[in-house]
Amino acid sequence: VANAPINACYELCLTGLVWCLLLSAPYAARTHTNVCFTLVYDHLKPVGQMIFRLLGTGFLIFCFGIMFFPCLDWVLFMHRKYTAVLHVRMDIIYFPFVVFNFLTLCHLLYDFIRDIVRCVRAITGKEPLHKDLSSEVAAIEAEMEGGTDA
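Residues numbered from 1 in each chain as written. Predicted model: local features only at pLDDT ≥ 70, side-chain atom pairs only at ≥ 80, totals over all residues. Heavy atoms only, no water.

Our next topic: the overall build of the chain. From N to C terminus, the chain includes four helices and zero strands. Going from the N terminus to the C terminus, the chain shows its helices and strands as α-α-α-α. The buried share of the chain, reckoned over its 150 residues, is 27%. Sequence separation of at least 24 residues holds for 66% of the intrachain contacts in the chain that already meet a minimum separation of 6. When the accessible area of the chain is evaluated, it comes to approximately 10,500 Å², of which 71% is carbon and sulfur surface. (Helix = DSSP H or I, 4+ residues; strand = E, 2+ residues; numbered from the N terminus. Buried < 20%, exposed > 50% of the residue type's maximum accessible area, 1.4 Å probe, protein only. Contact = heavy atoms within 4.5 Å. Areas by Shrake-Rupley, 256 points an atom, 1.4 Å probe, with all protein chains shown as cover.)

See below:
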């Protein structure tokens, strides 16, 4: 480390960037503050929006589900390699990807089950299907703002 201080800082910066990105993405998914391209979605009726949400979330659950165990296996295999300067095991550096994958999968499953419950309630007539998620997002944002003041 003493012979290559710039390279050590570079390794720390890259590791910190990877960890911050991978651990903040599930939080954005949980609070629904991630970027969404809703050009078509906004012009659909509530039934079409629900279908789009179920299809999109189901597809993402499928993708994250099938890649979870191969990624976990790859990260666990990386315990044999070390970084060049700091000699940190690579499985420690890449493990946040497994956490990212797991947390994102959990949030997607929660959203999918919530939408299925809404569909069942709409079909049985207990709740209108046109209930918008903006009220839930506003409640989460208000909770976040209230938590930062204290």
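Read on for the rest.
Another point: a nonpolar patch on the surface. Taken together, L39, V40, V47, I51, F52 and L55 make up a surface patch of nonpolar side chains, about 630 Å² in accessible area. Mapped onto the fold, L55 is located in helix 2 (residues 46–77). For L55, a relative accessible area of 60% corresponds to the exposed category. (Patch = residues over 30% accessible without salt bridge, like charges linked within 9 Å, V, L, I, M, F, W, Y side chains within 5 Å. Salt bridge = Lys/Arg side-chain N within 4 Å of Asp/Glu carboxyl O.)

Over its 32 residues, helix 2 extends 46 Å from the first C-alpha to the last, a length consistent with the 46 Å expected when each residue adds 1.5 Å. A maximum bend of about 35° is found in helix 2 at F68, where proline P70 lies one to four positions downstream. Among all positions of helix 2, only G48, Q49, M50, R53, L54, T57, I61, F64, F68, C71 and V75 are buried. Looking at the packing, one finds that the buried side of helix 2 touches helix 3 (90–124). (Expected span 1.5 Å × (residues − 1). Bend = angle between axes of the 7 residues up to and from the residue.)

Right, let's talk about the packing of aromatic side chains for a bit. Ring pairs (aromatic) are described by centroid distance and by the angle formed between their planes. What the rule picks out here adds up to five aromatic pairs. With a centroid separation of 6.3 Å and an interplanar angle of 50°, the aromatic rings of F68 and F102 are classed as tilted. Here F68, found in helix 2, pairs with F102, found in helix 3; they are 34 residues apart in sequence, far enough to count as distant. With a relative accessible area of 15%, F68 lands in the buried category. Of the residues examined, F102 reaches a relative accessible area of 44% and is grouped as partly exposed. Ring centres of W74 and Y94 lie 5.2 Å apart, and the angle between their planes is 50°; on these two criteria the pair is classed as tilted. (Phe/Tyr/Trp six-rings, centres within 6.5 Å; stacked < 30°, edge-to-face > 60°.)

This brings us to the environment of T124. Tracing the sequence through the fold places T124 in helix 3. Judged by relative accessible area, T124 falls into the exposed class, the value being 51%. Looking at T124, its side chain comes within polar contact range of the main-chain oxygen of R121, at 3.2 Å. (Polar contact = N/O pair within 3.5 Å; in protein donor to acceptor, adjacent residues only side chain to side chain.)

A word on the nonpolar core. Membership of the largest hydrophobic core is limited to six residues, which are L22, I61, F64, F100, L105 and L108. Counting residues per element, this core draws most heavily on helix 3, at three residues. Residues in contact with F64, not counting those within four places in the same chain, are F100, N101, T104, L105 and L108. (Core = buried A, V, L, I, M, F, W, Y, C linked by side-chain atoms within 4.5 Å.)

Residues other than glycine seldom take positive phi values, yet H87 does so here, at roughly 55°. Following the sequence through the fold, H87 ends up in the loop between helix 2 and helix 3.

Checked against the element boundaries, F77 lands in helix 2. Residue F77 is classed as partly exposed on the basis of its relative accessible area of 45%. For the pair F77 and D91, spaced 14 residues apart in sequence, the C-alpha separation works out to 7.4 Å.

Keep in mind these numbers describe shape, not what the thing actually does.
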